[in-house]
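Letter by letter, the chains look like this.
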Amino acid sequence: QKEVEQDPGPLSVPEGAIVSLNCTYSNSAFQYFMWYRQYSRKGPELLMYTYSSGNKEDGRFTAQVDKSSKYISLFIRDSQPSDSATYLCAMGHMDTGRRALTFGSGTRLQVQP
Amino acid sequence: GAGVSQSPSNKVTEKGKDVELRCDPISGHTALYWYRQSLGQGLEFLIYFQGNSAPDKSGLPSDRFSAERTGGSVSTLTIQRTQQEDSAVYLCASSSWTSDYNEQFFGPGTRLTVL
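Predicted model only: the values in this text are computed from it and were never measured.

This next bit is on the overall build of chain B. Looking only at helices and strands, chain B features zero helices and ten strands. Along chain B, from the amino end to the carboxyl end, the secondary structure elements read β-β-β-β-β-β-β-β-β-β. When its C-alpha atoms are laid out on the principal axes, chain B stretches across 40 × 25 × 25 Å. The buried share among the 115 residues of chain B stands at 50%.

See the structure below:
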């Protein structure tokens, strides 16, 4: 079993829809949670990060973490065609000896105009 | 400022040949990572360098893979006797230890195809 599970999609939605992207994880030692966005033929770029359970909002994006269920989500409101990309969840430890991130496999999102 | 750069952007090689992939991290970033991204598999950690410490090689899939980082900056990932299953996008990332949450900045990747 992978440490981080993510539905690969593809997920196709109409412009303006609310999008929900999710990951589950098995390692309770993860201390911070991130969402990266990756456009085709580009490297991933950080979209949001959070340490604690609860919600964090940034514009049209909301990251949600439920540590008790080992479940994280990214919500995109008023989705735009420019949001079409692969979204990767990532998790890490603050322990300085383990700085590499553990990534989900990514969910490909297509927003139709 | 300049981001992480990688070269070449694409590499096609024949099975059994050696390849070298290069990464130039963001200036001043002390940590450097190599990941491999196969179709539908997400990012697989390969190796991590931090300053002058011994690298964390725990993700290297076989002894055909090696990496070095010269002068705490540029890194080269070498794959010897390439196999078809080595075909993937190889991503390099760098980060600064000033942030707790370890934001990693990625390069565009090198797309390796082994025929």
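Moving on from the model shown.
Moving on, we come to the sheet that holds strand 6 (residues 65-69) of chain B. Residues and elements named next belong to chain B. The strand order across the open sheet formed by four strands is 1-3-7-6, and the pairing between neighbours is antiparallel. Whereas interior strands pair on both sides, the edge strands pair on one side only; in this sheet they are strand 1 (5-7) and strand 6. Sheet twist, expressed as the average angle between the axes of neighbouring strands with direction ignored, equals 15 degrees. In the sheet, strand 6 pairs with strand 7 (residues 75-79) via five bridges, with the strands oriented antiparallel. Residue pairing across strands places Ser66 opposite Thr78, the latter belonging to strand 7.

Before going further, it helps to spend a moment on the environment of Glu85 of chain B. Locating Glu85 of chain B in the fold gives a position in the loop between strand 7 and strand 8 (88-95). Counting along the chain gives 28 residues from Glu85 of chain B to Thr113 of chain B, while the straight-line C-alpha distance between them is 9.2 Å.

On to the sheet that holds strand 6 (residues 54-58) of chain A. Across a sheet, paired strands are connected by hydrogen bonds in the backbone, their directions being either parallel or antiparallel. All names here are of chain A. Spatially, five strands are ordered 1-3-8-7-6 in an open sheet, and the strand pairing comes out antiparallel. What marks the edges here is a single partner per strand, and that holds for strand 1 (4-6) and strand 6. The sheet shows a mean angle of 20 degrees between the axes of neighbouring strands, direction not considered. Strand direction decides the pairing type here: strand 3 (residues 19-25) and strand 8 (residues 71-76), joined by six bridges, are antiparallel. Paired with Asn22 across the two strands is Ser73, which belongs to strand 8.

What follows concerns the pairing of strand 6 of chain B. Because side chains alternate across strand 6 of chain B, one face comprises the buried residues Phe65, Ala67 and Arg69 of chain B, and the other comprises Ser66 and Glu68 of chain B, none of which is buried. Here strand 6 of chain B folds back onto strand 7 of chain B in antiparallel fashion, the turn holding five residues, of which Gly71 of chain B has a positive phi close to 60 degrees.

Analysis parameters
Residues numbered from 1 in each chain as written. Chains lettered and ligands numbered in written order. Predicted model: local features only at pLDDT ≥ 70, side-chain atom pairs only at ≥ 80, totals over all residues. Heavy atoms only, no water. Helix = DSSP H or I, 4+ residues; strand = E, 2+ residues; numbered from the N terminus. Buried < 20%, exposed > 50% of the residue type's maximum accessible area, 1.4 Å probe, protein only. Pairing = 2+ DSSP bridges. Axes fitted to C-alpha atoms, helices over the stretch in contact; angles between N-to-C directions.

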